[in-house]
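Letter by letter, the chains look like this.
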Amino acid sequence: MNVIEVEQLVKSYNSVKAVDGVTFNVTEGETFGFLGPNGAGKTSTINILCTLLGFDSGNAQVNGYDCVKESLKVRSSIGLVFQEVTLDNELTAHENLKFHCYMYNMSKRLANERIDEILEVVGLEDKRSTAVKKFSGGMKRRLEIARGLLHRPKVLFLDEPTLGLDPQTRSNVWEFISTLKGSLGTTVFMTTHYMDEAEVCDRIAIIDAGKIIACESPGSLKSSLRGDTVYIKTSDDGRACVELHEKFNLSARKIGSGLSIIVEAGEKFIPKIFESLETPVLSVSMKRPSLEDVFINLTGKEIREAQPAAQRSPRR
């Protein structure tokens, strides 16, 4: 059963299409991810689905409710964790959650039951009376996720939920989300530009310049790249590109300070590089296809490459 259905969704900022004909669906209980760089259209899409942003054309439904005609029903059936921290730092963990319960018209008894339950789930029961301003970044994220789950939503939206956190805290947050999803069975829709986070998804939609260019499981996306990725650093990458094309009919991509090529049986091909290239080779390395390789192959660029802020439309 699909809990999210999107068809030919379009959203423009002035003359720039932030969301350009996007179509996809998310099934019940699935962890679904949008993977793409800043400015790709991830946040605009998630804001549309959460009824925080209008759109120009297309259709969007969440939990069977139309995002335009039944926006209040959509909001009552979802949870949302924003990119930015939206907790009140002066209130305690319990007070932040209690305010959220009031917003959803919960009775005092039910609110207290849910708060006690969710604080235990997120491992913050001993911090219930502590002001949020004393929390670490990871603790704040866990509390925000707890807040988003208080009213038992069918879908939890996470917009870059670990943005700005250190690698260890990011790992802890995702371990927690995975455990939580398993215990509650909540459908999770997340956006990210971190490859390791995308790996936790059941399916990933790779989005770039407002368009979805692939939508499969992480394993299927990686297996779509046949061969191995070989990285080469030379004294003249431009000349090396020409030689690789002339001698092996291979197209190399400029990646960082070197070149990237995809070949069959990389360990057998590497010696040929040293034998055949006239351009001095400084270093060579090889790895099996990764999600980053998939993204580069589909878009021709690294996910870290982003449009300058001045050229980007607002809040994509």
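These numbers come from a predicted model, not from an experiment.

Chemist: So what's going on with the packing of helix α3 (residues 93–103) against helix α4 (residues 108–121)? Residues and values would help.
Modeler: It is at 10 Å that the axes of α3 and α4 come closest, and there the two elements cross at 130°. Regarding the angle of α3 to α4, the classification is oblique. When you trace α3 past α4, the crossing you get is right-handed. On the side of α3, the interface is formed by A93, H94, L97, K98 and C101, while α4 contributes A111, N112, I115, I118 and L119. Taken together, the residues that form the contact of α3 with α4 break down as seven nonpolar, two polar and one charged.

Chemist: Any details on the sheet that holds strand β12 (residues 253–255)? Residues and values, ideally.
Modeler: In spatial order, the strands read β12-β13-β11-β14; together these four strands make up an open sheet with antiparallel pairing. Only two strands of the sheet have a single neighbouring strand rather than two, namely β12 and β14 (281–287). Going from strand to strand, the sheet's axes swing by 30° on average, the running direction of each strand aside. Here strand β11 (residues 228–234) pairs with β14 via six bridges, running antiparallel. Across the sheet, Y231 pairs through a bridge with S285, a residue of β14. Contacts from helix α9 (residues 237–248) reach β11, β12 and β13 (258–263), with the element oriented near 20° to β13. Packing against the sheet, helix α10 (residues 266–276) makes contact with β11, β13 and β14, and its axis sits at approximately 170° to β14.

Chemist: Could you give me a rundown of the pairing of strand β3 (residues 31–35), with the residues and numbers involved?
Modeler: One face of the sheet, then the other: side chains in a regular strand alternate in exactly this way. The buried count for β3 comes to five of five residues, which makes it a mostly enclosed element. Alternating positions in β3 separate into two faces, T31, G33 and L35 on one and F32 and F34 on the other, with burial throughout. Alignment of β3 against strand β8 (residues 187–192), held across five bridges, turns out to be parallel. Within β8, the position partnered with G33 by the bridge is M190. As defined by bridge partners, β3 adjoins strand β9 (residues 203–208) across four bridges and the pair is classed as parallel. Bridge pairing in β9 places L35 opposite I206.

Chemist: An account of the packing of aromatic side chains is needed here, citing residue identities and associated values.
Modeler: Two descriptors summarise a pair of aromatic rings, namely the distance from one centre to the other and the angle between the planes of the rings. In this structure the tally under the stated criterion is eight aromatic pairs. Taken together, the ring pairs in this structure connect F24, F32, F34, F157 and F189 into an aromatic cluster.

Chemist: Lay out the pattern of salt bridges with the relevant residues and their values.
Modeler: Throughout the structure, instances matching the rule amount to 14 salt bridges. Of the charged contacts in the structure, one is a salt bridge between R288 and D228, with a shortest N-O distance of 2.4 Å. In this pair, R288 sits in the loop between β14 and α11 (291–299) while D228 sits in strand β11, placing the two residues 60 residues apart along the sequence. Owing to a relative accessible area of 52%, R288 belongs among the exposed residues under this scheme. Overlapping salt bridges, with partners in common, bring together K17, D20 and K211 in one network.

Rules used in this analysis
- Residues numbered from 1 in each chain as written.
- Predicted model: local features only at pLDDT ≥ 70, side-chain atom pairs only at ≥ 80, totals over all residues.
- Heavy atoms only, no water.
- Axes fitted to C-alpha atoms, helices over the stretch in contact; angles between N-to-C directions.
- Helix = DSSP H or I, 4+ residues; strand = E, 2+ residues; numbered from the N terminus.
- Parallel < 35°, antiparallel > 145°, perpendicular 65-115°, else oblique.
- Left-handed = near helix turned anticlockwise from the far one by under 90°.
- Contact = heavy atoms within 4.5 Å.
- Nonpolar A, V, L, I, M, F, W, Y, C, P; charged D, E, K, R; others polar.
- Pairing = 2+ DSSP bridges.
- Buried < 20%, exposed > 50% of the residue type's maximum accessible area, 1.4 Å probe, protein only.
- Phe/Tyr/Trp six-rings, centres within 6.5 Å; stacked < 30°, edge-to-face > 60°.
- Salt bridge = Lys/Arg side-chain N within 4 Å of Asp/Glu carboxyl O.

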